[in-house]
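Each chain, letter by letter, is given below.
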2 protein chains.
Amino acid sequence: MSGKPDRTGEFELIAKFFAPLAKGEPGALGLKDDAAYLKPRAGHDITTDAVIAGVHFLADDPPDTIAQKALRVNLSDLAAKGAKARAYLLTAALPTAIDDEWLQSFAAGLKQDQKRFGVTLIGGDTTKTPGPLTLNIVAIGEVPYGKMLTRAGAKPGDDIWVTGTIGDGALGLKARRGTLPGLSDAHRKAAERRYLTPEPRPTVGKGLVGIANACLDVSDGLVADLGHIAKTSNVAIRIRERDVPLSAPAKAAVACGALAHAELLTGGDDYELAFAAPQSARAKVQSLSRDTRVPLTRIGEVAKGPTGVTVLAPGDAAIPYGRGGYVHF
Amino acid sequence: MSGKPDRTGEFELIAKFFAPLAKGEPGALGLKDDAAYLKPRAGHDITTDAVIAGVHFLADDPPDTIAQKALRVNLSDLAAKGAKARAYLLTAALPTAIDDEWLQSFAAGLKQDQKRFGVTLIGGDTTKTPGPLTLNIVAIGEVPYGKMLTRAGAKPGDDIWVTGTIGDGALGLKARRGTLPGLSDAHRKAAERRYLTPEPRPTVGKGLVGIANACLDVSDGLVADLGHIAKTSNVAIRIRERDVPLSAPAKAAVACGALAHAELLTGGDDYELAFAAPQSARAKVQSLSRDTRVPLTRIGEVAKGPTGVTVLAPGDAAIPYGRGGYVHF
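Note on numbering: residues in each chain are counted from 1, in written sequence order. Key to labels: chains lettered from A, ligands numbered from 1, both in the order written. Side-chain atom pairs in this predicted model are given and counted only at pLDDT of 80 or more, local residue features only at pLDDT of at least 70, and totals for whole chains, interfaces and linings cover all residues. Derived side-chain values reflect all non-hydrogen atoms in the structure, with water molecules and hydrogen atoms excluded from consideration.

A.B. asks: Looking at this model, I keep getting lost on the overall build of chain A. Mind explaining?
C.D. replies: The helix and strand labels rest on DSSP assignments: H or I over at least four residues marks a helix, E over at least two residues marks a strand, and numbering proceeds from the N terminus. Scanning chain A from N- to C-terminus turns up ten helices and twelve strands. By the compact-globule yardstick of 20 Å for 329 residues, chain A fits well, its C-alpha radius of gyration being 21 Å. When its C-alpha atoms are laid out on the principal axes, chain A stretches across 65 × 50 × 35 Å. Per-residue burial for chain A yields a buried fraction of 60% across its 329 residues. None of His or the chain ends enter the tally, which takes Lys and Arg as positive and Asp and Glu as negative. Charge positions come from single atoms, namely NZ of Lys, CZ of Arg, CG of Asp or CD of Glu. Each charge sign in chain A was given a centre, from 40 positive and 36 negative side chains, and these centres are 6 Å apart. When we talk radius of gyration, it's over C-alpha atoms, and the globule rule is simply 2.2 Å times the number of residues to the 0.38. Exposure is judged per residue with a 1.4 Å probe applied to protein chains only, and the accessible area is read against the type maximum: over 50% gives exposed, under 20% gives buried, and values in between give partly exposed.

In structure tokens form, the structure reads like this:
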């Protein structure tokens with residue numbers, strides 16, 4: 001590459017901040033080589049996920065949480081596939097204003113999450129940019145041959161389930177921007193934490209292999225993401241607004257009028273899993289919830305009929321989400 | 001992600017320009033899912049390579065060649081590992097000024113190279129950016145278990161070889177910038193073509209598995225890259241300047257004084273392979289050259305002694321490259 005003037009600095013930067021993150025994975029070659037290798041276990045496919053995150057952070061977010069969010073968003077995608085994350089590649093375009101203190105915190109955030117989620121940095125690149133911070137992470141995981149969960153496969157009669165609580169990404173972003181004045185300090189902090197460091201659900205995703213007919217993670221907003229399942233599976237999906245689980249801060253925000261219920265169901269950035277599973281699997285799903293200690297809540301069902309998502313009020317009247325009663329995709 | 005305002009446009013953009021590039025690879029899931037999978041063949045490791053290329057293009061380079069260069073730089077890294085490229089992920093941060101015509105050309109360039117190099121787009125992401133165009137490609141390849149070529153492993157007595165010709169990357173960049181007035185139009189065009197669309201050497205790389213002791217691709221400049229091998233293998237490397245193969249445009253540029261010989265050997269961006277192989281493998285290397293129709297030239301040898309690279313003039317006097325006789329790393 002022609003980026004010669006930065007070259008020495010780049011090598012030192014990698015050696016200092018990133019090579020320590022590659023320890024323990026022989027395929028990473030100490031980040032000293034141009035490529036890495038991974039030996040998949042017998043009977044497993046390799047799955048990959050990539051995201052570019054140039055414009056998805058607030059400029060003053062703490063560097064350790066920026067790193068963790070970039071990684072976790074990718075781990076969440078792998079979790080939704082039923083894959084066990086193994087490793088990741090990081091490429092970073094760093095604005096010239098970024099200093100060693102920032103990088104130290106950034107690398108510390110990654111180190112913490114590597115331990116927690118059992119992944120190792122195996123490669124990538126860094127460069128300087130006159131533009132904004134741009135991070136790109138490719139996470140690599142393993143999933144049993146042919147068993148990867150996808151958005152296709154939801155069948156009429158299936159239940160719709162979600163992990164954890166919905167709407168905290170949107171709530172947290174508002175809190176972080178300071179536009180939620182009605183909330184208590186404790187609730188505001190909890191909401192901000194969810195926005196800064198979402199909680200991927202790898203143990204649930206892995207457990208759903210062989211149980212769920214379709215699965216994804218909630219990144220665009222629950223209603224839009226269920227729309228992806230509806231479209232790809234060619235089914236209708238109905239959910240009951242009151243059954244969608246909310247966190248205590250989200251309930252408080254709705255109660256004090258700081259946020260509409262609909263904003264929580266369409267806001268995105270939740271990184272919870274939403275999935276369709278046959279009714280016959282209810283006992284298995286509940287047992288998975290106990291084993292993983294992750295709340296799993298049934299919020300609706302899959303039906304025949306025109307592809308789309310309907311959100312129902314008590315009494316089963318359709319609530320107007322988007323245009324005309326329900327949202328088409 | 002919170003990039004909501006661009007979301008619809010992004011889906012359409014992917015469907016229009018990039019989904020066609022994913023055809024034929026079932027693991028890509030039509031680019032409609034959050035992740036992809038690959039089934040490695042029995043007895044093979046998966047190798048990955050990533051590069052960020054935000055500042056490595058001239059703003060007016062043709063979009064099809066920008067795409068091809070970004071892809072080929074990664075294919076070159078895999079070639080240097082002895083890996084057969086299988087697929088790639090593309091993440092692009094697109095400045096708002098980029099229009100459909102630009103994207104059409106960009107995707108056409110990728111399509112052409114996919115066919116030529118036998119790879120398929122299997123995932124990634126696009127977003128808009130207020131900064132410069134940023135491309136990130138992760139190429140994924142297969143290499144027989146434990147056989148990946150690395151920078152380590154060069155042994156005293158080994159020959160040093162290179163593919164093709166050296167220095168055309170530096171020459172082409174100068175030509176493209178218009179700072180090579182002495183060159184004929186034909187030579188200038190040939191040099192520019194080499195800068196815009198370097199030629200990866202996958203067939204040679206694959207053939208070197210089991211033959212070469214160390215290998216890499218020339219991206220930082222021949223002398224610096226041989227320095228990487230010297231350092232990682234803990235050996236000394238000597239090359240003869242006159243034996244380094246030059247293209248006709250490069251010879252003409254040196255002859256007319258437009259460029260020093262040393263600039264060609266240190267310029268980078270060549271994406272030729274440089275490798276160390278035992279003397280006993282000379283016949284095999286020559287037969288590989290015939291089979292692949294890629295010129296392979298012996299330019300020096302590996303020796304014991306202090307780690308570093310020495311460039312020799314006729315009569316074996318050391319030519320001062322960098323500081324003091326030879327370059328340390």
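A.B. asks: Sorry if this is basic, but what is going on with the nonpolar core here?
C.D. replies: Across soluble globular proteins, nonpolar side chains show a tendency to be buried alongside one another. For the purposes of this section, nonpolar cores are sets of buried Ala, Val, Leu, Ile, Met, Phe, Trp, Tyr and Cys residues that join through side-chain atoms within 4.5 Å. Of all hydrophobic cores here, the largest spans 86 residues; its most connected members are F18 and Y88 of chain A together with F18 and Y88 of chain B. Not counting the four nearest positions on each side in its chain, F18 of chain B is found in contact with L13, L31, L90, L103, F106, L110, L121 and T126 of chain B. In what follows, a contact means two residues having at least one pair of non-hydrogen atoms within 4.5 Å.

A.B. asks: Just checking my understanding: could you explain the pattern of salt bridges for this structure?
C.D. replies: Salt bridges are counted wherever a side-chain nitrogen of Lys or Arg sits within 4 Å of a carboxyl oxygen of Asp or Glu. Scanning the entire structure with this criterion turns up 30 salt bridges over all chains. Where E272 of chain A meets R194 of chain A, a salt bridge forms, and the shortest distance between an N and an O atom there is 3.3 Å. Note that E272 of chain A is positioned in the loop between α9 (261–266) and β9 (273–277) and R194 of chain A in helix α5 (residues 185–196), a separation of 78 residues in sequence. The salt bridge involving R194 of chain B is made with D168 of chain B; its shortest N-O contact spans 3.2 Å. Residue R194 of chain B is found in helix α5 (residues 185–196), and its partner D168 of chain B is found in helix α4 (residues 168–176); the two are separated by 26 residues along the sequence. The two residues R194 of chain B and D168 of chain B agree in class, both being buried. Three or more residues are tied together by salt bridges with common partners; here these are R72, D113, R116 and E199 of chain A.

A.B. asks: How do you make sense of the packing of aromatic side chains when you look at a structure like this?
C.D. replies: Given two aromatic rings, one states the distance between the centres and the angle between the planes to describe the pair. All names here are of chain A. Pairs were defined over the aromatic rings of Phe, Tyr and Trp, the Trp ring being its six-membered one, requiring ring centres within 6.5 Å. Orientation was assigned from the angle between planes: stacked under 30 degrees, edge-to-face over 60, tilted for the rest. One pass over the structure, following the stated rule, counts four aromatic pairs over all chains. Between W102 and F106, the ring centres sit 5.1 Å apart and the planes meet at 15°, which makes this aromatic pair stacked. Placement of the pair is W102 and F106 together in helix α3 (residues 100–117), with a separation of four residues, close to one helical turn. Pair check on accessibility: W102 and F106 agree, each one buried. Above the ring of W161, the side-chain terminus of R298 is found at 5.9 Å from the ring centroid. Charge-over-ring contacts are defined here by two conditions on Lys NZ or Arg CZ: a distance within 6 Å of the ring centre and an angle within 35 degrees of the ring normal.

A.B. asks: Which parts of the structure should I look at to understand the environment of A230 of chain B?
C.D. replies: All names here are of chain B. Considering the arrangement of structural elements, one finds A230 in helix α7 (residues 222–233). Look at A230 and you get buried, because its relative accessible area is 0%. Between the C-alpha atoms of A230 and R151, which are 79 residues apart in sequence, the distance is 8.3 Å. Residue contacts for A230: discarding those within four places in its chain leaves V235, I237, T307 and G308.

A.B. asks: Looking at this structure, I do not really get unusual backbone geometry. What am I missing?
C.D. replies: For residues other than glycine, phi is negative in most cases, and the peptide bonds are mostly trans. All names here are of chain B. For R293, which is not glycine, the phi dihedral falls at a positive 55°. Topologically, R293 is positioned in the loop between α10 (282–292) and β10 (296–303). One non-glycine residue with positive phi stands out, namely D316, at about 70°. Tracing the chain through its elements places D316 in the loop between β11 (308–312) and β12 (326–327).

A.B. asks: For this particular structure, what's the right way to read the packing of helix α4 (residues 168–176) of chain A against α5 of chain A?
C.D. replies: Residues and elements named next belong to chain A. Axis angles are defined between N-to-C directions and span 0 to 180 degrees, where every axis is a line fitted to C-alpha atoms and, for a helix, only to the segment in contact. Axis separation between α4 and α5 bottoms out at 7 Å; the angle between their running directions is 110°. Compared by their axis directions, α4 and α5 come out roughly perpendicular. The two elements α4 and α5 cross, and the hand of that crossing is left-handed. Facing α4, whose interface residues are D168, G169, L171, G172, L173, A175 and R176, α5 presents R188, A191, E192, R194, Y195 and L196. When the residues that make up the contact of α4 with α5 are grouped by side-chain class, the tally is six nonpolar, two polar and five charged. Oblique is the label for any angle not under 35 degrees, not over 145, and not in the 65 to 115 range, which are roughly parallel, roughly antiparallel and roughly perpendicular in turn. In this scheme, a crossing is called left-handed if the near helix is turned counterclockwise away from the far one by less than a right angle; it is called right-handed if the turn is clockwise. We call Asp, Glu, Lys and Arg charged. Ala, Val, Leu, Ile, Met, Phe, Trp, Tyr, Cys and Pro are nonpolar, and the rest, Gly among them, are polar.

A.B. asks: Can you walk me through the pairing of strand β6 (residues 159–163) of chain A in this structure?
C.D. replies: A regular strand carries its side chains on alternate faces of the sheet. All names here are of chain A. In terms of burial, β6 is a largely internal element, five of the five residues being buried. Along β6, one buried face is formed by D159, W161 and T163 and the opposite face, lined by I160 and V162, is buried too. Two strands pair if DSSP finds at least two bridges between them. Pairing geometry for β6 and β9, over four bridges, is antiparallel. Bridging across to β9, I160 finds its partner in A276. Pairing analysis gives five bridges linking β6 to strand β10 (residues 296–303), with the strands arranged antiparallel. Opposite D159, over in β10, you have E301 as the bridge partner.

A.B. asks: Explanation requested: the pairing of strand β4 (residues 120–129) of chain B in the structure shown.
C.D. replies: Residues and elements named next belong to chain B. Of all ten residues making up β4, eight are buried, and the element is well covered by its neighbours. Where strand β3 (residues 84–95) meets β4, nine bridges bridge the pair, whose relative direction is parallel. Considered in β4, the bridge of T91 is made with D125. Following the backbone out of β3, through helix α3 (residues 100–117) and into the adjacent parallel β4, one traces a crossover that is right-handed. Every crossover in which the path from the first strand over the helix to the second runs clockwise, viewed with the strands pointing away from the viewer, is termed right-handed.

A.B. asks: Hey, could you run me through the side chain of D269 of chain A in this one?
C.D. replies: Residues and elements named next belong to chain A. Mapping D269 onto the fold places it in the loop between α9 and β9. Judged by relative accessible area, D269 falls into the buried class, the value being 5%. Separated by 3.5 Å, the side chains of D269 and K69 make a polar contact. One polar contact links D269 to Y271, side chain to side chain, over a distance of 2.8 Å. Whenever two N or O atoms come within 3.5 Å, that pair is a polar contact, provided that in protein one can donate a hydrogen and the other can accept it, and provided that, for residues adjacent in sequence, both atoms are side-chain atoms.

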